Amino acid sequence: MKKALFYLFFCTIGIGKTLAQTQSAVAKDTLFNKPYIDADEWREKPVRHRYVHGGFKGTSTRFSFYMPSKEQYQGRFYQYITPVPDSETLSQGATGEEDKIGFSIASGAYFIETNGGGITDPAAGFGKDALIGAFKANAAAAHYSRVVAAQMYGQHRPFGYCFGGSGGAYRTIGSIENTDAWDGAVPYVVGSPVAIPNVFSVRMHAMRILKDKFPQIIDAVEPGGSGDMYAGLNAEEKDALLEVTKMGFPPKAWFGYKSMGIHGFAALYQGMTMADAKYFDEFWKVPGYFGAKPSESLLKARIQQVSKIKTGISAEEAVKMGLSMWNMAGQARGTADAAWQKQLENGDKLPVAFQLEDVLQKVDFLGGDLIIKTGKAAGKKLFISQIVDDKVIFGGADPKVIADIRAGDEVQVDNSNFLAAQTYHRHQVPGKEYTVWNQFRDAEGKPIYPQRPMQLGPSFTRAASGVLPKGQFKGKVILLESLWDREAFPWQADWYHNKVKENLGDSTDHHFRVWFTDHALHGDNTRQEDPTRTVSYLGVLQQALRDISAWAEKGIVPPANTTYKIEDGQVIVPASAAERKGIQPTMNVKVNGKDRADISKGKSVTFTATVEVPPNAGSIVSAEWDFEGEGTFLVVEKLKSAKQINLKTTHTFSKSGTYFPTLRVASQREGDSKTPFARVQNLGRVRVVVK
């Protein structure tokens, strides 16, 4: 764990080189001049393709190439860049829309994935040059793939396009900005250089204070709600909601407050305590910090309780006890949502929790530390994600420390540092271009709170991409962002858009697009935590890859940018497809002509909807209804593909309750209703109250 965090903060070698110097260094890098192939075979699944596996002698870098037949090949490749260096076989076994191999081959491309250079351990060799994991290993695989492609398909230079989300978006941008290996890039759900840890700290602060008020907040922003999410909140609650909203958290995304947890903040928090240990002491003592003059709710949330270890609890025992284990069920490794979890895995045979000799006091516990005070592990800390009665559950911990803990060792459960971390963003005010921090500046633009001696955000960004994003690249870039993203606040796409405009000026539209996806979260998978509220953006990503290929290879201009504006940290888009543009369909759904209908049990209501696709974005190929919130969408409309459709249907509600009937639609550029690929989804909801 410590090695991984060391990598996050200090693998910044190569920073400060110019773009030309970096590209030249990659091209001449002798580290990757001895490629080898150790597997070369034809496979039948997911579709027939030639599988080539290999690496580079003297390195830990490994690659996989998935190559279509000569008849299917159209002269290009797509390369997936994971959020952190991972496995070169991640994509094998995926099906349907999530099948990167099948999608690439269906798009006339061969597919590349690598392990990003190997393990992220500075002592292992690759960490001596952070650019290897950032983009050198991926660039080397891309360059060598062209050699293999020329041998298979005949002499030519394949066009290449890289794509990646979350931390992989940082690495994708770093790749296109600092090498000549690709002709275009599609980064998605990207942050800014100051995103981490700030987008998480402000979220934790709001989660702690608003824990009991989320139901009414969500109800207010739902269709047919009051529209005033601040109604009924006390002063502290209102301030917390206003603060997190102005920082960019999408209010409608709070629907997942019960399940979204703290996400990657567990790893970030431990990195923060290493990088700025002094802050966590000053927070409780120095005027200007929240802890020096704490609110009543902050004091009630603090625990500093000493006890002793009674026994360890295995994973199997924890399940039997009903303890919530630290996992992200259903998430694949290497995805935008789950890659960070790799940094938090425990040893398989070690305890996942401890039972203490004493019952712990009840507090609003989101995370904290188990401080080992006696025994072989004395002086060490373990991060704990949950406390239940007399039990503490790890949220990612060093297996060596766990192995050294014994029954009878004295420990202290202390969440003081974790509480302090929740307002760290107030003390990280960056440059004026980051307007969401204006709430922490006075009339003269100066910070109203004490500031820390260093900005942690750029260190995290450098760890991912090797360099900070500049908005300077050759080729084409289509940037994708989700309007309901809770981990990469949507305004950050605008930050990069502005950096591109600074460099490219009037020619920006000849090289760059930004498309926002409504009702989409951070994760790049089809399994939605509530399919009646959100949609997958994978279809948008797939269409973006096809569009960037046509743009770079044939000069076919892709659809226009999504029209948007930023207001108090929130990205606002027009309601109609013609005004919004981009590629996602829009809709206007009504029940009995309104957003809400109040009816008696046994009565029927009439639903109407108008669905449109933006200019040059294809046609509607599917429309399906879910009337009672089951997420099954069993009522499927029969329709011919069209750029605009008008729907009308009825439904009778036999039971009392509040329902949010949902219409989910998909468009497809070629109007193909059969293909699983490049289906761009959206949905609309209304409220029905049955008495």
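Thresholds, definitions, all that
- Within any chain, residue numbers begin from 1 and follow the written order of that chain's sequence.
- Local features in this predicted model are restricted to residues whose pLDDT is 70 or higher, and side-chain atom pairs enter the listing and the counts only when it is 80 or higher, whereas totals over whole chains, interfaces and linings include all residues.
- Values shown for side chains rest on all heavy atoms present in the structure; no hydrogens or waters enter the calculation.
- Each helix corresponds to a stretch of at least 4 residues labelled H or I by DSSP, and each strand to a stretch of at least 2 residues labelled E; elements are numbered beginning at the N terminus.
- Both definitions apply: the radius of gyration is a C-alpha atom measure, and the globule rule equals 2.2 Å times residues to the power 0.38.
- Accessible area is worked out with a 1.4 Å probe on protein chains only. A residue is then buried under 20% of its type maximum, exposed over 50%, and partly exposed in between.
- A contact between two residues is defined here by any heavy atoms of the two lying within 4.5 Å.
- For this analysis, a salt bridge means a side-chain nitrogen from Lys or Arg found within 4 Å of a carboxyl oxygen belonging to Asp or Glu.
- Should DSSP find at least two bridges between two strands, the strands are regarded as paired.
- For helices, the axis comes from a line fit to the C-alpha atoms of the stretch in contact; other axes are also lines fit to C-alpha atoms, and the angle between any two N-to-C directions lies between 0 and 180 degrees.
- Taken from the helix axis, the directions to the C-beta atoms give the arc we talk about.
- Here, nonpolar core means buried Ala, Val, Leu, Ile, Met, Phe, Trp, Tyr and Cys residues that are tied together by side-chain atoms lying within 4.5 Å of each other.
- pLDDT gives the predictor's per-residue confidence on a scale running from 0 to 100.

## Structural notes on the overall build of the protein chain
Then comes step 1: Of regular secondary structure, the protein chain possesses 18 helices and 27 strands.
Then comes step 2: For the protein chain, the C-alpha radius of gyration of 26 Å lies close to 26 Å, the compact-globule estimate for 691 residues.
Then comes step 3: Over its C-alpha atoms, taken along the principal directions, the protein chain stretches across nearly 75 × 70 × 60 Å.
Then comes step 4: Buried residues in the protein chain amount to 59% of all 691 residues.
Then comes step 5: By sequence separation, contacts in the protein chain at least 24 residues apart represent 73% of the contacts at least 6 residues apart.

## A few points about the pattern of salt bridges
Then comes step 1: By the definition in use, this model includes 35 salt bridges.
Then comes step 2: One salt bridge in this structure joins arginine 452 and aspartate 276, with 2.8 Å as the shortest N-O distance. Of this pair, arginine 452 sits in the loop between helix H14 (416-421) and helix H15 (457-465) while aspartate 276 sits in the loop between helix H9 (265-275) and helix H10 (277-282); the two residues are 176 residues apart in sequence, bridging distant segments of the chain. Taken as a pair, arginine 452 and aspartate 276 share a single burial class, namely buried.

## As for the pairing of strand E23 (residues 644-652)
Then comes step 1: Going residue by residue along E23, you find Ile645, Leu647, Thr649 and His651 tucked away on one face and Gln644, Asn646, Lys648, Thr650 and Thr652 left uncovered on the opposite face.
Then comes step 2: Summarising the sheet, strand E20 (residues 604-612) and E23 pair through 9 bridges and their orientation is antiparallel. When the sheet's bridge partners are listed, threonine 610 is paired in E23 with asparagine 646.

## Quick notes on the sheet that holds strand E12 (residues 391-394)
Then comes step 1: Strand order in the closed barrel formed by 6 strands is E8-E9-E12-E11-E10-E13, and the pairing between neighbours is antiparallel. Pairwise comparison of adjacent strand axes, ignoring direction, gives a mean angle of 45° for this sheet.
Then comes step 2: Judged from the 4 bridges that link them, strand E10 (residues 368-372) and strand E13 (residues 410-414) form a sheet pairing that is antiparallel. From the neighbouring strand, aspartate 369 faces E13, where its bridge partner is aspartate 414.

## Some remarks on helix H7 (residues 214-221)
Then comes step 1: Along H7, the residues classified as buried are Phe214, Ile217, Ile218 and Ala220. Down the axis, H7 shows its buried residues gathered within 160° of arc, on one side only.
Then comes step 2: On its buried face, H7 sits against helix H6 (198-210) and helix H8 (235-247).

## Considering the nonpolar core
Then comes step 1: Met67, Trp254, Phe265 and Trp437 are the most contacted members of the largest nonpolar core, which has 103 residues in total.
Then comes step 2: Looking at this core, the element that brings in the most residues is helix H4 (residues 130-153), giving 11 residues.
Then comes step 3: Discounting chain neighbours no more than four positions away, the residues touching tryptophan 254 are Arg203, Ala206, Met207, Phe214, Ile218, Leu241, Val244, Phe249 and Met260.
Then comes step 4: Grouped together as the second largest cluster of nonpolar side chains are 30 residues, Ile105, Val186, Ile478 and Leu480 included.

## Regarding the confidence of the model for the protein chain
Then comes step 1: Across the protein chain, the average pLDDT comes to 91, with 91% of residues at 70 or higher.
Then comes step 2: This stretch, residues 1-25, has a pLDDT under 50; its non-local contacts, to residues over four places away or in other chains, come to 57 contacts.
Then comes step 3: In the model, residues 327-332 has pLDDT below 50 throughout and makes 13 contacts with residues more than four positions away in sequence or in other chains.

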